[in-house]
Amino acid sequence: MQELHDAPLAPLTTFRLGGPAARLLTATTDAEVIAAVREADASGTPLLVIGGGSNLVIGDKGFGGTALRIATKGFELSGTSLELAAGEVWTDAVARTVEAGLAGIECLAGIPGSAGATPIQNVGAYGQEVSSTITEVVAYDRRTRETVTIPNTECAFSYRHSRFKAEPDRFVVLRVRFELEEANGLSAPLKYPETARAMGVEQGDRVPLSAARETVLGLRAGKGMVLDPEDHDTWSAGSFFTNPILEPAAFQDFLGRVHDRLGPDVTPPAFPAEDGRTKTSAAWLIDRAGFTKGYGSGPARISTKHTLALTNRGAATTEDLLALAREVVAGVHAAFGVTLVNEPVTVGVSL
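Residues numbered from 1 in each chain as written. Predicted model: local features only at pLDDT ≥ 70, side-chain atom pairs only at ≥ 80, totals over all residues. Heavy atoms only, no water.

**Q** Any chance you could explain the overall build of the chain here in plain terms?
**A** Secondary structure assignment for the chain yields nine helices and 20 strands. For 351 residues, the compact-globule formula gives about 20 Å, and the C-alpha radius of gyration of the chain, at 20 Å, lands near that figure. Along the first, second and third principal axes, the C-alpha set of the chain runs to 60 × 50 × 40 Å. By the burial criterion, 50% of the 351 residues in the chain qualify as buried. Within the chain, residue pairs in contact and separated by at least 24 positions form 61% of the contacts whose partners lie at least 6 positions apart. Accessible surface for the chain amounts to roughly 15200 Å². Of this, 50% is attributable to carbon and sulfur atoms. Once the 32 positive and 42 negative side-chain charges of the chain are each reduced to a mean point, those two points are 3 Å apart. (Helix = DSSP H or I, 4+ residues; strand = E, 2+ residues; numbered from the N terminus. Rg over C-alpha atoms; globule rule 2.2 N^0.38 Å. Buried < 20%, exposed > 50% of the residue type's maximum accessible area, 1.4 Å probe, protein only. Contact = heavy atoms within 4.5 Å. Areas by Shrake-Rupley, 256 points an atom, 1.4 Å probe, with all protein chains shown as cover. Lys, Arg positive; Asp, Glu negative; His and termini not counted. Charge placed at Lys NZ, Arg CZ, Asp CG, Glu CD.)

Structure representation (C-alpha cells):
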C-alpha cells in the first residue's frame, strides 16, 4: 500500500481544489482498505475516503488526518449479474456493460467517479438511478468492525441519498452488485424526455444500447459534464446543487413568488415526488434568479454550458468556489424562498 505524507489532494478531485493531506494511503485490495480503516479507527485518526474525487470539495487547508484513496479493481460479470470493486472507474464499467449487451445503467454513461461512490449518492441521470439495479452493497462496517453485505432493501435509497450517505462515518463501500437486463441489445425503456427527444423516439421506447449511451454522452458533453482536462467547464463536481423537493405549502409559496417575479403566465418545472411533495429544477431556479451561464468574474464561475455546474477556471481556491456557491444560494432564496442544498461532500468547509 502506497503511503505519502503532506500529499496534494487537489489532483485527486475533479475540481482540482483543496490543500494537502497529512498522510495519503492508496489501497489496491479490499484487505488493504480494511487494514487502513482499522488502523485509523484504532488510533483515533480522522479518515477521509477518496474514490474518483468527483463529489468532493476539500478546504484550502487540506485534511489533517489520513486520506485513503480506494484504487481497487474488479469487474465480474456472470450472466446478467455484475459485481464491481469500489475503485473501478464508473464510466468505463458502464461502457463494458453496454458492450456485453446488458441494459440498466447505460444512461449513467459519462458520470465521473468510482463505482463505490454510486450507492452512497444513489447516482442518477437521464431517467436512471443505480438504486433500480443494485442488489447488494458489500461494505466494511466501522461500528461492528466486520465486512457486511447489505441488500438493496436495507440501503434506504432515495433521491441522491442512501443509508451510506446518512451514516458517513460508518460504512466504507468495498463492492457493489447489480442485476442488469438482457433485452436483445436494446436499452431499458427511456424515461427522460430530453433523451427520447434527442433520439427521435417516445418516452418508454427502447433503443439500441450503444445509441442510448452515445446520446447520453453527447448530451452530457454539451453541458460540460464529461471530463476533459482542456475544458474548464468540466473542472467541477457536475451538478453542484440537488433539485429541491418541496412540501405542498412550500410549493404553493414558491409558485406565488414565481408569479410575482416573472409573471402569472410563467410555470416552473414541477415533478411529482414522494409523500405528495413536488420536485423542481435547481438549474431553472439559478438561471431565473439571475445566475446565468458563465456568471462570475473571478476564478470560480458558473459553467458556460450549464447553470447547475460551478467551475474552477484554473486558478481558483476552494474559498473562491464557496463564495460563488453562497452567492447563488442567497440569490435563489431571496428570489424564490427556496434553499438550495449542495450535492458534493464538503471536507473541512461548509456553505
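Next comes the rest of the write-up.
**Q** Please explain the nonpolar core as it appears in this structure.
**A** A general feature of soluble globular proteins is that nonpolar side chains tend to end up buried together. Formed by 36 residues in total, the largest nonpolar core has its most connected members in Leu-84, Trp-90, Leu-108, Val-130, Ile-134, Val-137 and Phe-178. Taken together, the elements giving at least two residues each to this core come down to strand 7 (81–85), helix 2 (90–99), strand 11 (134–141), strand 12 (146–151), strand 13 (171–179) and helix 6 (209–222). If we skip the residues at most four places from it in the chain, Val-130 touches Trp-90, Leu-108, Thr-118, Pro-119, Asn-122, Val-123 and Phe-178. Counting 35 residues, the second largest nonpolar core, distinct from the first, contains Leu-17, Trp-284, Ala-289 and Val-328. (Core = buried A, V, L, I, M, F, W, Y, C linked by side-chain atoms within 4.5 Å.)

**Q** I keep staring at helix 1 (residues 30–43) and nothing clicks. Help me out?
**A** Working note: α-helix, 3.6 residues per turn, so residues spaced by three or four point in the same direction. Between its first and last C-alpha atoms helix 1 spans 20 Å; for 14 residues at 1.5 Å apiece the expected length is 20 Å, and the two agree. Looking at helix 1, one finds that the buried residues are Val-33, Ile-34, Ala-36, Val-37 and Ala-40. Burial along helix 1 is one-sided: seen end-on, the buried residues are contained in an arc of 165 degrees. Opposite the buried face of helix 1, by more than 90 degrees, sit the exposed residues Ala-31 and Ala-42. Contacts from the buried residues of helix 1 go to strand 2 (20–27), strand 3 (47–50), strand 5 (63–70), strand 11, strand 12 and strand 13. Positioned one or two residues after helix 1, Gly-44 has a phi angle of 75 degrees, which is positive. (Expected span 1.5 Å × (residues − 1). Arc of directions from axis to C-beta.)

**Q** Teacher, can you tell me more about the pairing of strand 5 here?
**A** Taken residue by residue, a regular strand's side chains alternate between the two faces of the sheet. Among the eight residues of strand 5, six are classified as buried, and the element is accordingly described as predominantly covered. Across six bridges, strand 2 lies against strand 5 in parallel orientation. Paired with Leu-24 across the strands is Ala-67, a residue of strand 5. Pairing geometry for strand 3 and strand 5, over four bridges, is parallel. Its bridge partner being in strand 5, Leu-48 is matched across the sheet by Ala-67. (Pairing = 2+ DSSP bridges.)

**Q** I keep staring at the sheet that holds strand 3 and nothing clicks. Help me out?
**A** Strand order in the open sheet formed by four strands is 1-2-5-3, and the pairing between neighbours is mixed. On the outer flanks of this sheet lie strand 1 (2–8) and strand 3, each paired with one strand and no other. In this sheet, adjacent strand axes meet at a mean angle of 25 degrees when their direction is disregarded. Of the strand pairs in this sheet, strand 1 and strand 2 are connected by six bridges, and their pairing is antiparallel. Paired with Leu-4 across the strands is Leu-24, a residue of strand 2. (Axes fitted to C-alpha atoms, helices over the stretch in contact; angles between N-to-C directions.)

**Q** Could you clarify how one ought to interpret the packing of aromatic side chains in this entry?
**A** Each aromatic ring pair is specified by the distance between its two centres and by the angle formed by the two planes. Taken as a whole, this structure holds 10 aromatic pairs when the rule is applied. On the basis of an interplanar angle of 75 degrees and a centroid distance of 5.0 Å, the ring pair of Phe-240 and Phe-241 is categorised as edge-to-face. Each member of the pair, Phe-240 as well as Phe-241, is classed as buried. Arranged with centres 5.8 Å apart and planes meeting at 40 degrees, the rings of Trp-284 and Phe-336 form a pair that is tilted. Taken together, the positions of Trp-284 in helix 8 (residues 282–288) and Phe-336 in helix 9 (residues 318–336) put the pair 52 residues apart, joining distant regions of the chain. Each member of the pair Trp-284 and Phe-336 is classed as buried. Pairwise contacts between aromatic rings join Phe-251, Phe-254, Trp-284 and Phe-336 into one cluster. Residue placement shows Arg-16 over the ring face of Trp-235; its charged tip is 4.1 Å from the ring centre. Over the ring of Phe-336 we find Arg-261; its NZ or CZ atom is 5.7 Å from the centre of that ring. (Phe/Tyr/Trp six-rings, centres within 6.5 Å; stacked < 30°, edge-to-face > 60°. Lys NZ or Arg CZ within 6 Å of the ring centre and 35° of its normal.)

**Q** Explain the pattern of salt bridges to me, please; I cannot follow it from the model alone.
**A** Side chains that differ in sign of charge can pair as their charged atoms come close. Scanning the model with the defined rule gives 21 salt bridges in all. Note that Lys-223 and Glu-194 form a salt bridge whose closest N and O atoms lie 2.9 Å from each other. One end of the pair, Lys-223, is in the loop between helix 6 and strand 15 (245–246); the other, Glu-194, is in helix 5 (residues 193–199), and 29 residues separate them in sequence. Overall, the relative accessible area of 19% leaves Lys-223 in the buried class. Of the residues examined, Glu-194 reaches a relative accessible area of 21% and is grouped as partly exposed. (Salt bridge = Lys/Arg side-chain N within 4 Å of Asp/Glu carboxyl O.)

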